Amino acid sequence: MDSPSSPMADAIDIAPAVPDLPPLRDVIARHGLAAVKALGQHFLLDLNLTRRIARVASAELPGGLTEGTTIEIGPGPGGLTRALLIEGATTVVAVEKDARCVVALDELVAAFPGRLTVIQADALEVDVSALGPAPRRIVANLPYNVASRLLIGWLDAIVASRGTALVGMLLMFQKEVAERLAAAPRRKAYGRLSVAAQTVTTVAKAMTLPAAAFTPPPQVDSAVARLVPHASLPSAEQWAAVQDVTAAAFGQRRKMLRQSLQSLGADAGALLAAAGVPETARAEELDVAAFDRLASALRARRAGPR
Ligand code: SAM
């Protein structure tokens, strides 16, 4: 039988060594990191907050932070980066576009030897599957101006890789975008982004942050969303068809689908009948399963009679 150990001994055994790090405000001042609006720079300087986000990632993403690779997009001065490392991320690969921040992160690279790699690149052009061994997860306070485009790219990568690209994502968005990702049919926020995200992943809102939590504060509040890929993913062809159908349907969201789907170049009535959807329905009334059936019907029509 194991001998009982005191709580203090346990604490000493498992507490990770936290190196002495300069306050983030010093890092920003020393490296002249005045926020650049075009790069969506709104920094999180409160380590309690960033550690909370890192703990959610550790507890709620498959594989936690210890297996494979934790990818951070846009580390900036490194507030979330240091939190991820302190909370036990074994390997962090951070992709940052701003050369000033890349230089500022050198200290953090040195403070956590062998655990942090910083890559200067535009995340829109980076293949996340090439950033380190699987399982890979992304944890990021995203630049809001490109957040939706980045997410769609990662959903594409998950589908194309049959799920091996990423095991999960914990991402900070503008609150309104996070609400769109998780929205259910018939809600105002429900749209193309909701169907896309929910076709590939299970989405949950993990926490909300007021604008005042950021330096400088953005115009709107923010929210963190957790996205975990489904065990069963659509094929690349089905995923492309879902996006064609949602573009047509939500492109004219107030119209009935028998009208809005005409832009697909197929007989809209026949598509709707094949998918078991009433011709008079509108895009916002259909759940993700109905869009999936419509996409299957579209692919069958495009393939033509066999
Ligand atoms: N993670 C830091 C934090 O929480 O304090 C900074 C978050 S800030 C909202 C977004 C970061 O993304 C900035 O550091 C910005 O320079 C970076 N960024 C903006 N566009 C980028 C892009 N296309 N690729 C990589 N990084 C980008």
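Residues numbered from 1 in each chain as written. Predicted model: local features only at pLDDT ≥ 70, side-chain atom pairs only at ≥ 80, totals over all residues. Heavy atoms only, no water.

The next thing to look at is the packing of aromatic side chains. Summed over the entire model, instances satisfying the criterion amount to two aromatic pairs. Arranged with centres 5.9 Å apart and planes meeting at 75°, the rings of Tyr190 and Phe250 form a pair that is edge-to-face. With Tyr190 in the loop between α8 (175-182) and α9 (192-200) and Phe250 in helix α10 (residues 236-251), this pair connects stretches of sequence that are 60 residues apart. Judged on exposure class, the residue Tyr190 and its partner Phe250 are both buried. Three or more aromatic residues joined by ring pairs form one cluster here, namely Tyr190, Phe250 and Phe291. (Phe/Tyr/Trp six-rings, centres within 6.5 Å; stacked < 30°, edge-to-face > 60°. Helix = DSSP H or I, 4+ residues; strand = E, 2+ residues; numbered from the N terminus. Buried < 20%, exposed > 50% of the residue type's maximum accessible area, 1.4 Å probe, protein only.)

A few words on the sheet that holds strand β5 (residues 136-141). Spatial strand order, β4-β3-β2-β5-β6-β9-β7: seven strands in an open sheet with mixed pairing. On the outer flanks of this sheet lie β4 (116-120) and β7 (201-209), each paired with one strand and no other. When strand polarity is set aside, the average angle formed by the axes of neighbouring strands in this sheet is 20°. When strand β6 (residues 168-174) meets strand β9 (residues 222-229), the two strands line up antiparallel, connected through six bridges. (Pairing = 2+ DSSP bridges. Axes fitted to C-alpha atoms, helices over the stretch in contact; angles between N-to-C directions.)

Tracing the backbone through its elements, the reader meets Val224 in strand β9. When the C-alpha positions of Val224 and Leu170 are compared, they lie 6.6 Å apart, and in sequence the two are 54 residues distant. Once residues within four sequence positions are removed from consideration, Val224 is found in contact with Leu170, Leu171, Met172, Ala204, Lys205, Ala206, Met207 and Leu209. (Contact = heavy atoms within 4.5 Å.)

Structurally, the protein comprises domain 1 (19-229) and domain 2 (236-301). Relative to domain 2, the C-alpha centre of domain 1 lies at a distance of 33 Å. Taken over both partners, the interface formed by domain 1 and domain 2 buries close to 1,300 Å², and the fraction arising from carbon and sulfur atoms is 66%. In terms of surface lost to domain 2, no three residues of domain 1 exceed Tyr190, Arg192 and Val195, which account for 41% of the buried area on that side. Applying the counting criterion to the domain 1 and domain 2 interface returns zero salt bridges. Here domain 1 is connected to domain 2 by four residue pairs in polar contact (both at pLDDT 80 or more). Listed by contribution, the elements that provide at least two residues to the side of domain 1 that touches domain 2 are α7 (147-160) and α9. The element contributing the most residues to the side of domain 1 that touches domain 2 is α9, with six residues. Of the residues contributing to the side of domain 1 that touches domain 2, the split by class is eight nonpolar, three polar and five charged. (Domains from an automatic or database assignment. Buried area = accessible area lost by both parts, 1.4 Å probe. Salt bridge = Lys/Arg side-chain N within 4 Å of Asp/Glu carboxyl O. Polar contact = N/O pair within 3.5 Å; in protein donor to acceptor, adjacent residues only side chain to side chain. Nonpolar A, V, L, I, M, F, W, Y, C, P; charged D, E, K, R; others polar.)

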